[in-house]
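Survey of secondary and tertiary structure
Okay, here's what each chain looks like letter by letter:
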Amino acid sequence: SARSAAAAIDGDDAKSALPPGTVHLAPEKIALAGIQVAPVERRALQETRTVPGRVQYDDTRHVEIKAAADGVLTRIFVKPGDKVEAGHRLALLSTPEIGEARAEILRRQADVAIADRTYQWHQSISENVSDLVTALTEKPAMPDIHGAFAKRSLGDYRSKLLTAYSRYRLADSLARIAESIETSGAVSPKTVRERMNEREASQSELKAACEQSQFDARQACDASLAKLEDARRRLAISREHLSTLLGYEEADLPTETASEGMPKSPLSIVEIRAPFAGTIERKIFGETERVKQGETMFVLAD
């Protein structure tokens, strides 16, 4: 005990020898506090601050998938928490408005097809009528002209032009015969003049028929082309209307056939698909529920 007392006195003397403001810790306390001693050296000071924060989605990868039109959700294929790829089918929405828009496109497509066939027909006739009129100026024999244009489309102009040409050929033949025998006295000068007048009249009728036929055929061709272009414009408008309703351009229309998992009359069915890969965060509606245009059906997040 005398030794302990002496050590305590020595410890007190050591503390009193330290400069003022010095903290003295026993080795046990230094070890318990984890204090380390190292030589002083120059280093860059790095300040660390702890502040409150919030994790938030990237707005471009966090979207609400809304209904394109009023309708009924007939099938839902996902639930919250499901991971989906881009283009994955989320649900089927039955909407008469989309069905009408698609049916309008089909009608316009049929109109374009009919108008295109009509234009091709009138264009072919116009070209063939022009070729026939050119051929008639050479005054070929009737069998030759029939053979040359037997398989070419001429429409009503065939009978009109060939009838006028046949009359001219007959009148020309009679006039030539009358002129050849006029000097013999077999026919009177009056008859010769009548034959020549008939030839001139039939020639004028043929020329008028040729000019009118070419004009009418060209006009019919131009009119059918205008109808074709109008049908194409109306089809484009119908496609734009459907794209506006859907929010995207639909490449191919669905067909009128039923398949597994798809109800009949699929023209009114819209497939709701994921715009990008992500996770279904929310599902707002259930199957058979009605939704209005613009209402959120799903929330997709990446």
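Analysis parameters
Residues numbered from 1 in each chain as written. Predicted model: local features only at pLDDT ≥ 70, side-chain atom pairs only at ≥ 80, totals over all residues. Heavy atoms only, no water. Phe/Tyr/Trp six-rings, centres within 6.5 Å; stacked < 30°, edge-to-face > 60°. Lys NZ or Arg CZ within 6 Å of the ring centre and 35° of its normal. pLDDT = per-residue confidence, 0-100. Contact = heavy atoms within 4.5 Å. Helix = DSSP H or I, 4+ residues; strand = E, 2+ residues; numbered from the N terminus. Expected span 1.5 Å × (residues − 1). Buried < 20%, exposed > 50% of the residue type's maximum accessible area, 1.4 Å probe, protein only.

Observations concerning the packing of aromatic side chains
- If you walk through the whole model with that rule in mind, you get zero aromatic pairs.
- The lysine or arginine in question, Arg 61, covers the ring of Phe 276, its NZ or CZ lying 4.3 Å from the ring centre.

Describing the confidence of the model for the protein chain
- Summarising the model, the protein chain shows a mean pLDDT of 86, and 89% of its residues fall at 70 or more.
- Confidence drops under pLDDT 50 across residues 1-9; counting only partners more than four residues distant or on other chains, this segment forms zero contacts.
- Contacts of residues 257-264 to residues separated by more than four positions or lying in other chains number ten contacts, the stretch itself having pLDDT below 50.

Quick look at helix H5 (residues 157-181)
- With 25 residues, H5 should reach 36 Å at 1.5 Å per residue; the first-to-last C-alpha distance of 36 Å fits that figure.
- Listed in full, the buried residues belonging to H5 are Tyr 157, Leu 161, Leu 162, Ala 164, Tyr 165, Tyr 168, Ala 171, Asp 172, Ala 175 and Ala 178.

A short note on unusual backbone geometry
- The phi dihedral of Lys 139 is positive, around 55°, even though this residue is not glycine.
- Checked against the element boundaries, Lys 139 lands in the loop between helix H3 (96-136) and helix H4 (142-148).
- A positive phi angle, near 70°, is found at Thr 288, a position not held by glycine.
- Its place among the elements puts Thr 288 in the loop between strand E6 (278-283) and strand E7 (290-291).

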